[in-house]
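Coordinate inspection notes
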Amino acid sequence: MNTETNSYRDNLKELRTNLGTMLPKEALDVFDKDAEDLQLRHESILPLQVGDKAPDFSLSNATGKTVRLYDLLKMSSVVLTFYRGSWCPYCNLQLALYQKSLDEIHALDATLVAISPQTPDESLTIAEKNKLNFEVLSDKGNTVARMYTTVFKNADAPVNTMTALGFDFDAHYSGDSRELPIPAVFVIEKNGTVSFAKAEGGDYRNRVEVSEIINALK
């Protein structure tokens, strides 16, 4: 797989065009302002840095099976990505592009794992929707996310706009905290050490390129 053709930024242009035709301009403006506000509010995002020991965790996957990080590390290094939810078009694009490079990630002796605070049912939805062949885990209450990235409360404006468009934000989660993780990616070596840690700021429209992950694994 040529990761140059798998560029998030290139595909983002098409996604933005599609969103512009699908959503009323007023709604898209609300979401864009939300992203811009988050970028300004969150500069220091990652409590976990390169060289740190990755905290162990056990979470349920899309079918209810428990997956433990340090069990996975016995077999390979792990690429860990935190995302917001199946309702987020930017998350869907990111995970779909990572899926396209999954063979290359596996060839570099790594396992890909995606984590969100969604329920297992919603994790299954995003896995089926994007035909994902990697673990999609449910982090209820963002317990694990808090150890790796920044967690924030989703603002009223985007939630209310989603409701007006017919999307039930709260239905994706088991609680009503409306807290979300800032998207971030980590590469964790077999010994548990973090060798790559990156978030593209608070603006969730921007995501870590798969080419950066491949380079980190090499």
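Residues numbered from 1 in each chain as written. Predicted model: local features only at pLDDT ≥ 70, side-chain atom pairs only at ≥ 80, totals over all residues. Heavy atoms only, no water.

Another point: the pattern of salt bridges. For the structure shown, the criterion picks out 15 salt bridges. Residues aspartate 71 and lysine 74 are paired through a salt bridge, measuring 3.4 Å at the closest nitrogen-oxygen approach. Judged by its relative accessible area of 34%, aspartate 71 falls in the partly exposed class. For lysine 74, a relative accessible area of 65% corresponds to the exposed category. Here lysine 190 makes a salt bridge to aspartate 109, at a shortest N to O gap of 3.3 Å. Placement of lysine 190 in the loop between β8 (184–188) and β9 (194–198) and of aspartate 109 in the loop between α5 (102–107) and β4 (110–116) is noted, with a sequence separation of 81 residues between them. (Salt bridge = Lys/Arg side-chain N within 4 Å of Asp/Glu carboxyl O. Buried < 20%, exposed > 50% of the residue type's maximum accessible area, 1.4 Å probe, protein only. Helix = DSSP H or I, 4+ residues; strand = E, 2+ residues; numbered from the N terminus.)

Describing an aromatic ring pair means giving the distance of the ring centres and the angle of the ring planes. Evaluated as defined, the whole model comprises five aromatic pairs. When the ring of phenylalanine 57 is compared with that of tyrosine 148, the centres are 6.2 Å apart and the planes differ by 85 degrees; the resulting orientation is edge-to-face. Here phenylalanine 57, found in the loop between α2 (25–41) and β1 (58–60), pairs with tyrosine 148, found in helix α7 (residues 145–148); they are 91 residues apart in sequence, far enough to count as distant. Taking the relative accessible area as the measure of exposure, phenylalanine 57 reaches 7% and is therefore buried. Through a chain of ring-to-ring contacts, the aromatic side chains of Phe57, Phe82, Tyr148 and Phe186 assemble into a single cluster. The ring of tyrosine 204 carries the charged tip of arginine 84 above its face, separated from the ring centre by 3.7 Å. (Phe/Tyr/Trp six-rings, centres within 6.5 Å; stacked < 30°, edge-to-face > 60°. Lys NZ or Arg CZ within 6 Å of the ring centre and 35° of its normal.)

Two elements in contact, α2 and helix α8 (residues 156–164), have axes separated by 9 Å at closest approach and are oriented at 155 degrees. Here α8 runs roughly antiparallel to α2, going by the angle between their axes. Crossing angle aside, the handedness with which α2 passes α8 is left-handed. In this structure, α2 uses Ala27, Val30, Phe31 and Asp34 to contact α8, whose residues at the interface are Ala157, Pro158, Thr161 and Met162. (Axes fitted to C-alpha atoms, helices over the stretch in contact; angles between N-to-C directions. Parallel < 35°, antiparallel > 145°, perpendicular 65-115°, else oblique. Left-handed = near helix turned anticlockwise from the far one by under 90°. Contact = heavy atoms within 4.5 Å.)

This brings us to the pairing of β9. Of the strand pairs in this sheet, β8 and β9 are connected by four bridges, and their pairing is antiparallel. When the sheet's bridge partners are listed, valine 187 is paired in β9 with phenylalanine 196. (Pairing = 2+ DSSP bridges.)

This brings us to the packing of helix α1 (residues 8–22) against helix α4 (residues 89–100). One way to put it is that α1 packs onto α4 with a least axis distance of 11 Å and a crossing angle of 145 degrees. Here α1 runs over α4; the crossing is right-handed. Along the contact surface, α1 presents Tyr8, Asn11, Leu12, Leu15, Arg16 and Leu19, while α4 presents Pro89, Tyr90, Leu93, Gln94 and Leu97. Taken together, the residues that form the contact of α1 with α4 break down as eight nonpolar, two polar and one charged. (Nonpolar A, V, L, I, M, F, W, Y, C, P; charged D, E, K, R; others polar.)

In this structure, Phe57, Val79, Leu80, Ile115, Tyr148 and Phe186 are the most contacted members of the largest nonpolar core, which totals 72 residues. Examining the composition of this core, we find that six residues originate from one element, α4, more than from any other. Those residues in contact with phenylalanine 57 that sit more than four places away from it in its chain are Val67, Arg68, Leu69, Leu80, Ile115, Leu137, Val144 and Tyr148. (Core = buried A, V, L, I, M, F, W, Y, C linked by side-chain atoms within 4.5 Å.)

Okay, the state of the cysteines next. In this structure the tally under the stated criterion is zero disulfides. Here cysteine 88 is not disulfide-linked; the sulfur of cysteine 91 is the nearest cysteine sulfur, at 3.3 Å. (Disulfide = S-S within 2.5 Å.)

The next subject is the environment of cysteine 91. Note that cysteine 91 resides in helix α4. The sequence separation of cysteine 91 and arginine 205 amounts to 114 residues, and the corresponding C-alpha distance is 8.6 Å. Leave out the neighbours within four places in its chain, and cysteine 91 touches Tyr83, Arg84, Gly85 and Arg207.

The next point concerns the side chain of serine 138. Structurally, the position occupied by serine 138 is in strand β5 (residues 135–138). A relative accessible area of 9% places serine 138 in the buried class. Within the structure, serine 138 has its side chain in polar contact with the backbone oxygen of threonine 119 (distance 3.4 Å). With residues up to four places along the chain from it excluded, the contact list for serine 138 reads Leu59, Ser60, Ser116, Gln118, Thr119, Pro120 and Ser123. (Polar contact = N/O pair within 3.5 Å; in protein donor to acceptor, adjacent residues only side chain to side chain.)

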